[in-house]
Amino acid sequence: MNLFKRTKKITDERIENVRNRIYKEMYYVILVICLASALFKLYKYGAGSGELYLEFAILVGGGLYYLARSIFLGVFWDEVEMHDRNSKTPMSKKTVLGTVALALIIAIFMGVNSAVSYADGSSQGVWYFVLVSFVSVMIYLPILLLFFGGIYLLAKKIGMKNS
Amino acid sequence: MKNIKLKLARVEKDLSQEELAKIVGVSRQTIGLIESGKYNPSLSLCVGICKALSRTLDDLFWEED
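Everything numeric here is computed off the predicted structure, so don't read it as measured data.

Thresholds, definitions, all that
- Residues numbered from 1 in each chain as written.
- Chains lettered and ligands numbered in written order.
- Predicted model: local features only at pLDDT ≥ 70, side-chain atom pairs only at ≥ 80, totals over all residues.
- Heavy atoms only, no water.
- Contact = heavy atoms within 4.5 Å.
- Buried area = accessible area lost by both parts, 1.4 Å probe.
- Salt bridge = Lys/Arg side-chain N within 4 Å of Asp/Glu carboxyl O.
- Polar contact = N/O pair within 3.5 Å; in protein donor to acceptor, adjacent residues only side chain to side chain.
- Helix = DSSP H or I, 4+ residues; strand = E, 2+ residues; numbered from the N terminus.
- Buried < 20%, exposed > 50% of the residue type's maximum accessible area, 1.4 Å probe, protein only.
- Domains from an automatic or database assignment.
- Nonpolar A, V, L, I, M, F, W, Y, C, P; charged D, E, K, R; others polar.
- Core = buried A, V, L, I, M, F, W, Y, C linked by side-chain atoms within 4.5 Å.
- Axes fitted to C-alpha atoms, helices over the stretch in contact; angles between N-to-C directions.
- Parallel < 35°, antiparallel > 145°, perpendicular 65-115°, else oblique.
- pLDDT = per-residue confidence, 0-100.
- UniProt positions renumbered as here; feature names shortened; annotations may be inferred.

Engineer: Which residues make up the interface of chain A and chain B, and what are the values?
Structural biologist: On the chain B side, the residues contacting the seven residues of chain A number ten residues. Summed over both sides, the interface between chain A and chain B buries roughly 600 Å², with carbon and sulfur atoms accounting for 44% of that surface. On the surface where chain A and chain B come into contact, there are zero salt bridges. There are six residue pairs in polar contact (both at pLDDT 80 or more) connecting chain A and chain B.

Below, the structure written as structure tokens:
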């Protein structure tokens, strides 16, 4: 009964490499289909309908999986070191600046949204914009800094441990 | 760039691409692509090929300028 006997699978590194390249391309295809589906649903049902959860989960879930795997395998930190070797601005500074910029964009978006939606006059609109933007920065900046800074420091710790 | 040295060493050893591929544990096409210079093998595959052909890495894979 050799039918169930486990045979050693022969692996060819070239085939493996090509297969990995195809998987990579396949992931791009899935992302494009997902984005197309999300845009179609956005057009057909509108933004607030809650129809986009699956597309959101696929896009964000895939991204988070890649991020977690690259951090724990040390590749993330390797890339940071390679970047810092060639770039004048270190990745740590770019992370902080990018986080501040993201927090400001969110705050401005929130401020404009509340000024447009809830204010009665232009002076009240400006006041709402300033108030909501300020509060948004106070809320989002520490959270985003903790999140992105945490990712950076965790990647650094694991990268240093691996090397 | 074609790897003539590998092809010569294989022929001297009286092995076909298929036979060498079987010894090393890869497909015939991979050996063909290495010989024609269209695939860069990993170091472990280079060592496997060298052992199968009783040559050194220098003999088969070092390019003289």
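Let's pick the thread back up.
Engineer: Would you mind going over the pattern of salt bridges in detail, with residue names and values included?
Structural biologist: Residues and elements named next belong to chain A. Summed over the entire model, instances satisfying the criterion amount to four salt bridges over all chains. The closest approach of N and O atoms between E55 and K41, which form a salt bridge, is 3.1 Å. On the criterion of sequence distance, the pair formed by E55 in helix α2 (residues 53–72) and K41 in helix α1 (residues 13–45) is long-range, its members being 14 residues apart. Each member of the pair, E55 together with K41, is buried.

Engineer: Hey, could you go over the domain arrangement of chain A for me, with residue numbers and the actual values?
Structural biologist: A common way to state how big an interface is: give the accessible area lost once the parts meet. All names here are of chain A. Splitting chain A by domain gives domain 1 (12–72) and domain 2 (74–163). Each of domain 1 and domain 2 has a C-alpha centre, and the two are 24 Å apart. In this assembly, five residues from domain 1 lie in contact with nine residues from domain 2. Across the domain 1/domain 2 interface, buried area totals approximately 580 Å², and carbon plus sulfur atoms make up 71% of it. The largest contributions to the domain 1 side of the interface with domain 2 come from S70, I71 and F72, which together make up 76% of the buried area. For the pair domain 1 and domain 2, the interface holds zero salt bridges. Looking at the side of domain 1 that touches domain 2 residue by residue, the classes come out as four nonpolar, one polar and no charged.

Engineer: I'd like a rundown of the nonpolar core, residues and numbers included.
Structural biologist: Residues and elements named next belong to chain B. Within the largest apolar cluster, 15 residues are counted, with the highest numbers of intra-cluster contacts made by L6, L20, I31, I34, I49, L53 and L60. Contributing elements (two or more residues each) for this core: α1 (4–12), α2 (17–24), α3 (28–35) and α4 (43–52). Considering every element that reaches this core, the biggest residue donor is α4, with four residues. Other than its neighbours up to four places away in sequence, L6 contacts I34, E35, I49, L53 and L60.

Engineer: Which residues make up the environment of V137(A), and what are the values?
Structural biologist: Residues and elements named next belong to chain A. Topologically, V137 is positioned in helix α5 (residues 122–162). Between the C-alpha atoms of V137 and I106, which are 31 residues apart in sequence, the distance is 7.9 Å. Apart from the residues lying within four places of it in its own chain, the contact partners of V137 are A103, L104, A107 and P142.

Engineer: I'd like a rundown of the packing of helix α3 (residues 75–86) of chain A against α5(A), residues and numbers included.
Structural biologist: Residues and elements named next belong to chain A. Interaxial distance between α3 and α5 falls to 8 Å at its minimum, and their mutual angle equals 95°. Of the possible angle classes, the one that applies to α3 and α5 is roughly perpendicular. Between α3 and α5, the residues in contact are F76, W77 and V80 and I151, Y152, A155, K156, G159 and M160, respectively.

Engineer: Let's hear about α3(B): which residues, and what values?
Structural biologist: Of the residues making up α3(B), those classed as buried are T30(B), I31(B), G32(B), I34(B) and E35(B). Where α3(B) is buried, its residues contact α1 of chain A together with α1, α2, α4 and α5 (57–61) of chain B. One or two positions beyond α3(B), positive phi appears at G37(B), with a value near 75°.

Engineer: Describe the confidence of the model for chain B, listing the residues and the values that go with them.
Structural biologist: Model confidence for chain B is summarised by a mean pLDDT of 93, while 98% of its residues fall at 70 or above. Here α5(B) is the element of chain B with the lowest mean pLDDT, 94, and α4(B) is the one with the highest, 96.

Engineer: If you had to explain the UniProt feature "domain: HTH cro/C1-type" (unreviewed entry) in chain B to someone new, which residues and values would you point to?
Structural biologist: The UniProt feature table records "domain: HTH cro/C1-type" (unreviewed entry) at residues 6–60 of chain B. Spanning residues 6–60 of chain B, this segment combines 67% helix with 0% strand, and its end C-alpha atoms are found 5 Å apart.

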